[in-house]
Amino acid sequence: MNLSAILLLAAGLFCVGVYGLLTRRNAIGILLSVELMANAVNINLVAFSANSGSPLGQVFALFTMAVTVAEVVVGLAILILLFRSRGGVLVDAAQELKR
Amino acid sequence: MIAALGFGIIASVLMLAAIRVVSSPDLVRSVLWLALVLVMTAVLFLTLSAPFLAGIQLLLYTGGVITLMLFGVMLTSRQAGVEIRNEIGAISPAVLFSTILFGIMGGAIYRSSDALPRPAFASAPAPDTEALGRAFLTEHMLSFELLSVLLLAAMIGAIVLARRRDFGAPEPAPPSERTARADEETRS
């Protein structure tokens, strides 16, 4: 188990997340894909931290976790607002800012 | 050898579950597959000698975020269990784009693998939880406090966004009482 294998795994998870971000039309599916991508980044940070012996990577991974949780909370609040105002959470139906 | 085998099992379960997260048409199942991804990530953190992060991952994500996501899925479906199907949009350009992205990143990792320390995880002792706590409370004190401010702001923002508009307004009197009072007024 060397560092390159873990980096490859994280890159694969990130790309799966990018795929989900591009294909999902339901906003909750998009949030799930963003979670996947943030998770891949966390794996990278922890792997580098274990490799170098410095706790800095784990500190950053904890910051990323907290910021992601805050993002999910605000995102779900916006989704509930969107659902209440137009009865659905498909992202291509919300186009008010385009006009 | 055993470590490589374990890493292979963890990695394949992670990739399969991640693919199920983005390809499952049912969003509830998608959220549950994401829970599997997060738990397996916690196991990976354990093997990377980060037990504190593994615990935080289990508590925060599998405990908090998955529950929140399930509530979100069920609150935004029109009737429970009916309209949580998720249309998957244009597929082939997205597959092409993410494959190219993975090719670029994988190529970069492969080319720089000589620069990485070859017997990884052996040269330096892994950071333990004590070192993590010291780093948090000495060197990164300001960011730590800023993080708590961020969490507070997110909490208040979510409450303000998701509350009903008439929250806190004085409740109108129930109609029976109102008519009774009106009757009294007309009588007097």
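Here the structure is shown first, and the text comes after it.
Caption draft 1: Looking closely at the overall build of chain B. Of the regular secondary structure elements, chain B holds seven helices and zero strands. Listed by position from the N terminus, the elements making up chain B come as α-α-α-α-α-α-α. The burial tally for chain B puts 28% of its 188 residues in the buried class. Pairs at least 24 apart in sequence give 54% of the contacts found in chain B among residues at least 6 apart. Accessible area for chain B stands at about 12000 Å²; split by element, carbon and sulfur atoms hold 70% of it.

Caption draft 2: The packing of aromatic side chains, seen in detail. This model, assessed by the stated rule, comprises three aromatic pairs over all chains. Consider the rings of Phe60(A) and Phe63(A), whose centres lie 6.3 Å apart with planes at 80 degrees: the pair is edge-to-face. Placement of both Phe60(A) and Phe63(A) in helix H3 (residues 56–86) is noted, with a separation of three residues, approximately one turn of the helix. Look at Phe63(A) and you get buried, because its relative accessible area is 12%. With a centroid separation of 5.6 Å and an interplanar angle of 85 degrees, the aromatic rings of Phe63(A) and Phe136(B) are classed as edge-to-face. Of the two residues, Phe63(A) sits in helix H3 while Phe136(B) sits in helix H5 (residues 129–139), which places them in two different chains. Given the relative accessible area of 8%, Phe136(B) is considered buried. Through a chain of ring-to-ring contacts, the aromatic side chains of Phe60(A), Phe63(A), Phe136(B) and Phe144(B) assemble into a single cluster.

Caption draft 3: Up close: the interface of chain A and chain B. Taken residue by residue, the interface counts 69 residues in chain A and 82 residues in chain B. Regarding the contact of chain A and chain B, the summed buried area is about 6800 Å², with carbon and sulfur atoms giving 78% of it. On the surface where chain A and chain B come into contact, there are zero salt bridges. At the junction of chain A and chain B, the tally comes to seven residue pairs in polar contact (both at pLDDT 80 or more).

Caption draft 4: Focus on the packing of H3(A) against helix H3 (residues 51–75) of chain B. Where H3(A) meets H3(B), the closest approach of the two axes is 11 Å, and the angle between their N-to-C directions is 10 degrees. Compared by their axis directions, H3(A) and H3(B) come out roughly parallel. Contact with H3(A), carried on its side by Gln58(A), Ala61(A), Leu62(A), Met65(A), Thr68(A), Val69(A), Val72(A), Val73(A), Leu76(A), Ile80(A) and Phe83(A), involves Phe52(B), Leu53(B), Ile56(B), Gln57(B), Leu60(B), Tyr61(B), Val65(B), Leu68(B), Met69(B), Gly72(B) and Leu75(B) of H3(B) and no other residues of that element. Grouping the constituent residues of the contact of H3(A) with H3(B) by class yields 18 nonpolar, four polar and no charged.

Caption draft 5: Layout of helix H6 (residues 141–162) of chain B. Residue and element names in this part refer to chain B. If you check H6, its first and last C-alpha atoms are 32 Å apart, about what 22 residues at 1.5 Å a residue would give, namely 32 Å. Buried within H6 we find Leu-147, Ala-154 and Ala-158. Taken down its axis, H6 places every buried residue within 25 degrees of arc, on the same side. Looking at H6, the residues exposed on the side facing more than 90 degrees away from the buried face are Leu-142, Leu-146, Val-149 and Ile-159.

Caption draft 6: Structural view of the packing of helix H2 (residues 27–52) of chain A against H3(B). Relative to each other, H2(A) and H3(B) sit at 175 degrees, their axes nearing to 12 Å. Our classification of the angle between H2(A) and H3(B) gives roughly antiparallel. Along the contact surface, H2(A) presents Ile28(A), Leu31(A), Leu32(A), Glu35(A), Asn39(A), Asn42(A) and Val46(A), while H3(B) presents Leu53(B), Gln57(B), Tyr61(B), Val65(B), Met69(B), Gly72(B) and Val73(B). Classifying every residue of the contact of H2(A) with H3(B) gives nine nonpolar, four polar and one charged.

Cut-offs used in this document
- Here the residue index of a chain counts from 1 through its sequence in written order.
- Chain A is the first chain written and ligand 1 is the first ligand written, with later ones labelled in order.
- Totals for whole chains, interfaces and linings use all residues, but because this is a predicted model, local features are given only for residues with pLDDT of at least 70 and pairs of side-chain atoms are given and counted only at 80 or more.
- For the side-chain quantities, the full set of heavy atoms in the structure was used; hydrogens and water were omitted.
- Secondary structure follows DSSP: runs of H or I at least 4 residues long count as helices, runs of E at least 2 residues long count as strands, and numbering of each begins at the N terminus.
- Exposed residues in this analysis have more than 50% of their type's maximum accessible area, buried residues have under 20%, and partly exposed residues fall in between, with area computed by a 1.4 Å probe over protein chains only.
- In what follows, residue pairs with any heavy atoms lying within 4.5 Å of each other are defined as contacts.
- Values of accessible area rely on a 1.4 Å probe in the Shrake-Rupley scheme; residue burial ignores everything except the protein chains shown.
- Between the rings of Phe, Tyr and Trp (Trp by its six-membered ring), a pair exists once the centres lie within 6.5 Å; its type follows the angle of the planes, with under 30 degrees stacked, over 60 edge-to-face, and the other angles tilted.
- Accessible area, probed at 1.4 Å, shrinks when two parts are joined; the buried area is that loss added up over both.
- The term salt bridge refers to a side-chain nitrogen of Lys or Arg lying within 4 Å of a carboxyl oxygen of Asp or Glu.
- N or O atoms within 3.5 Å of each other form a polar contact, as long as, within protein, one can give a hydrogen and the other can take it, and as long as residues adjacent in sequence are counted only when both atoms are side-chain atoms.
- Helix axes are fitted to C-alpha atoms over the stretch in contact, other axes to C-alpha atoms as well, and angles between N-to-C directions run from 0 to 180 degrees.
- In these notes the angle categories are as follows: under 35 degrees is roughly parallel, over 145 is roughly antiparallel, 65 to 115 is roughly perpendicular, and the rest is oblique.
- All residues other than Ala, Val, Leu, Ile, Met, Phe, Trp, Tyr, Cys, Pro, Asp, Glu, Lys and Arg, Gly among them, are scored as polar; the first ten of these are nonpolar and the last four charged.
- In a helix, the anticipated span is given by 1.5 Å times the number of residues less one.
- Note: the arc covers the axis-to-C-beta directions of the helix.

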